[in-house]
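For reference, the chains in residue letters:
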Amino acid sequence: MKSLKLLLRLAIVGALVLALLIPLSMTRSLIAERTAYREQAVERVALSSAGAQRLVGPLRALPYVDVREQAWTDDTGQARTRQVRSEGTLLQAPLSLQVGGQLRPQTRRVGLFDVPTYVWNGQLSAQFSTALPPAPAGAVRRYGTPYLVLGLRDVRGLQAAPSLRVDGAALRLQPGTRAFNAHLAGVSALLPEVVDGRVPGRNVTLSFALAGTQALEVVPVADDSRVRLASPWPHPAFGGDFLPVQRTVGARGFDAQWAVSSLASQAQAQLQRLQSDSGAQLDALRVELVDPLDAYTLADRACKYGLLFVLLTFVGFGLLELVRRMRIHPLQYLLVGLALAMFFLLLFSLSEHIAFWLAYLIAAGACIGVQFVYLAGVLRSPWLAGGFALALTALYGALYGLLMSEDNALLMGSLLLFAILAAIMWITRRIDWYALSTELR
């Protein structure tokens, strides 16, 4: 019977641990809900100004008309010929492309949420071939007025008038991409007529200021595409289909360089399909302005350690019951556990209004203080309560170190758990568990 009572007590404590998962899960659900609200804030900024940007081009479009002689037989059986015309537009990629510039980050606040935006002060230089492509066999091809196309995901991001120069002459950009309007948003510029079998627009340079939200993509359209982006933003995320060949990331920002050959990219073939399929995917390099230590990410990561906090505290209470022959009521376990769970909700709610480190300090100080006062009465010893408060302080300090160490969190967490287990084993190494169980019964 006494053994059953001991097992029942252990089962009750275990049930309390499981019950405390409910407030911890509710806190995590609240964090997920607020994170969704933050995504809505990003969408609001994108709708009111400009969203994530993608640069495609410049590309040279060459309208043409093919005329063929086609033989046919009339109703009387007499052979005749007629002309058949077909129209189209050739989309030509540059031989080489250099893209560069500085991303100037800005932060827009929507309610409680900070949304990273940027203005890209960019420059690009492209070199095209001047040779006319060969006409199909048996056809006479006539070319219309060529024009340049620059694809942009959100044209509203263009600030002021971009400076475009083609073969040394200034040209004016016009809204829309003409024949590609249905499939590629952006701007365009008319080129001079084709003369003596040579296509104008050999050298193209463009300077512009482009605003966007969070992310920027560049499609490597040329045979040899080279991109260099720099920014004072210290936390870039590089993605897309190509990673930088060189990059420097530090507290003062980042500087990244890409070198992409048409042999390694399907962008040119994808652009040809884009003329008839607006949903065609384009290979692109991508950089995103992120904050890996934002309040929502940190609060969610902290909640993942909530169960560990509860377990360690309950293990400490259990050791007190065994070593000091003290009896702690399950309700007292529950109240201390709720105080631990309340820390994460308090941390999250404060971090939406003040800096995360300050929110962490206030929440930890409040929870440690209330538990010290409560345990001083429960354990009838300020010294034991002070020891528990000191242990909790060390635990909160270790958790803060885990949260701030983005790259070494797993290693530090593993070492912390091993150290705690080793300490428990050291404290209980001389306990005669059989004799102690008999005494407790």
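How each quantity is defined
- Residues numbered from 1 in each chain as written.
- Predicted model: local features only at pLDDT ≥ 70, side-chain atom pairs only at ≥ 80, totals over all residues.
- Heavy atoms only, no water.
- Helix = DSSP H or I, 4+ residues; strand = E, 2+ residues; numbered from the N terminus.
- Buried < 20%, exposed > 50% of the residue type's maximum accessible area, 1.4 Å probe, protein only.
- Contact = heavy atoms within 4.5 Å.
- Areas by Shrake-Rupley, 256 points an atom, 1.4 Å probe, with all protein chains shown as cover.
- Phe/Tyr/Trp six-rings, centres within 6.5 Å; stacked < 30°, edge-to-face > 60°.
- Polar contact = N/O pair within 3.5 Å; in protein donor to acceptor, adjacent residues only side chain to side chain.
- Pairing = 2+ DSSP bridges.
- Patch = residues over 30% accessible without salt bridge, like charges linked within 9 Å, V, L, I, M, F, W, Y side chains within 5 Å.
- Salt bridge = Lys/Arg side-chain N within 4 Å of Asp/Glu carboxyl O.
- Core = buried A, V, L, I, M, F, W, Y, C linked by side-chain atoms within 4.5 Å.
- Arc of directions from axis to C-beta.

Draft legend 1. Summary view of the overall build of the protein. From N to C terminus, the protein includes nine helices and 17 strands. Taken over 441 residues, the protein has a buried fraction of 42%. In the protein, the proportion of contacts linking residues at least 24 apart, taken out of those at least 6 apart, comes to 75%. A total accessible area of about 23,200 Å² is found for the protein, and carbon and sulfur atoms account for 59% of it.

Draft legend 2. Representation of the packing of aromatic side chains. On inspection of all chains with the given rule, the structure shows three aromatic pairs. Summarising the aromatic geometry, the rings of Trp120 and Phe208 are spaced 5.0 Å apart at their centres and angled 90° between planes, so their arrangement reads as edge-to-face. Of this pair, Trp120 sits in strand β4 (residues 113–127) while Phe208 sits in strand β11 (residues 203–213); the two residues are 88 residues apart in sequence, bridging distant segments of the chain. Of the two residues, Trp120 and Phe208, neither departs from the other in class, the shared state being buried. Ring geometry for Phe238 and Trp258: centres 5.9 Å apart, planes at 70°, overall edge-to-face. Of the two residues, Phe238 is situated in strand β14 (residues 236–240) and Trp258 in strand β16 (residues 253–261); the sequence distance between them amounts to 20 residues. The same class applies to Phe238 as to Trp258, namely buried.

Draft legend 3. Quick peek at the side chain of Ser265. With respect to the helices and strands, Ser265 occurs in the loop between β16 and α2 (267–274). For Ser265, the side chain forms a polar contact with the main-chain nitrogen of Ala267, separated by 3.0 Å. Discounting chain neighbours no more than four positions away, the residues touching Ser265 are Pro220, Phe242, Val260 and Asp283.

Draft legend 4. Summary view of the pairing of strand β12 (residues 215–219). Within β12, five of the five residues are buried, leaving the element largely enclosed by the surrounding structure. The side-chain alternation of β12 yields two buried faces, one formed by Ala215, Glu217 and Val219 and the other by Leu216 and Val218. With four bridges connecting them, β12 and strand β17 (residues 285–289) associate as antiparallel partners. Opposite Ala215, over in β17, you have Glu288 as the bridge partner.

Draft legend 5. Region of the structure containing helix α3 (residues 295–303). Burial analysis of α3 places eight of its nine residues in the buried class, which makes it a mostly covered element. Every buried residue of α3 is listed here: Ala295, Tyr296, Leu298, Ala299, Asp300, Arg301, Ala302 and Cys303.

Draft legend 6. How the structure looks around a nonpolar patch on the surface. A contiguous nonpolar patch, built from Leu30, Met342 and Leu345 and spanning about 230 Å² of accessible area, is present on the exposed surface. In this fold, Leu345 is placed in helix α5 (residues 330–351).

Draft legend 7. Here's a closer look at the nonpolar core. Judged by nonpolar contacts, the single largest core of 52 residues is most densely connected at Leu55, Val56, Trp120, Leu164, Phe254, Trp258 and Leu271. Of all the elements, strand β6 (residues 147–152) adds the most residues to this core, at five residues. Non-local contacts of Val56, meaning those with residues more than four positions away in its chain, are made with Val149, Leu150, Gly151, Leu184, Val219, Val221, Leu271 and Leu282. Counting 30 residues, the second largest nonpolar core, distinct from the first, contains Phe309, Ala364, Tyr396 and Leu403.

Draft legend 8. Here's a closer look at α2. Those residues of α2 that sit buried are Ala267, Gln270, Leu271 and Leu274. For α2, the arc enclosing every buried residue in end-on projection is 105°, short of the 170-degree limit, so these residues lie on one face.

Draft legend 9. Quick peek at the environment of Ser48. Relative to the elements of secondary structure, Ser48 occurs in helix α1 (residues 2–48). Linking Ser48 and Arg156, residues 108 residues apart in sequence, is a C-alpha distance of 9.5 Å. In contact with Ser48, other than residues within four places in its own chain, are Arg108 and Arg156.

Draft legend 10. The arrangement of the pattern of salt bridges in detail. Tallying each qualifying case throughout the model produces six salt bridges. Linking Glu217 and Arg153 is a salt bridge whose minimum nitrogen-to-oxygen distance equals 3.5 Å. Here the residue Glu217 occupies a position in strand β12, and Arg153 occupies one in the loop between β6 and β7 (158–166), the gap between them amounting to 64 residues. Classification of Glu217 by relative accessible area gives buried; the value is 14%. On the accessibility criterion, Arg153 (41% relative accessible area) is partly exposed.

Draft legend 11. The pairing of β16, seen in detail. Sheet topology note: the strand β13 (residues 224–231)/β16 ladder contains eight bridges and is antiparallel. In the strand pairing of β16, Ala230 is matched with Asp255. Direction of pairing for strand β15 (residues 246–250) relative to β16: antiparallel, over a ladder of five bridges. When the bridges of β16 are listed, Arg247 appears paired with Ala256. Here β15 folds back onto β16, and the loop between the two strands holds two residues.

Draft legend 12. Region of interest: unusual backbone geometry. You will see that Asp167, though not glycine, has its phi angle at about 55°, which is positive. Locating Asp167 in the fold gives a position in the loop between β7 and β8 (169–171). The phi angle at Gln214 is positive, at roughly 65°, despite the residue not being glycine. Along the polypeptide, Gln214 turns up in the loop between β11 and β12. Here Gln214 falls in the partly exposed class, since its relative accessible area comes to 23%.

Draft legend 13. Highlighting the environment of Gly250. Examined against the element boundaries, Gly250 turns out to sit in strand β15. Between the C-alpha atom of Gly250 and that of His235, which follows or precedes it by 15 residues, the distance is 8.1 Å.

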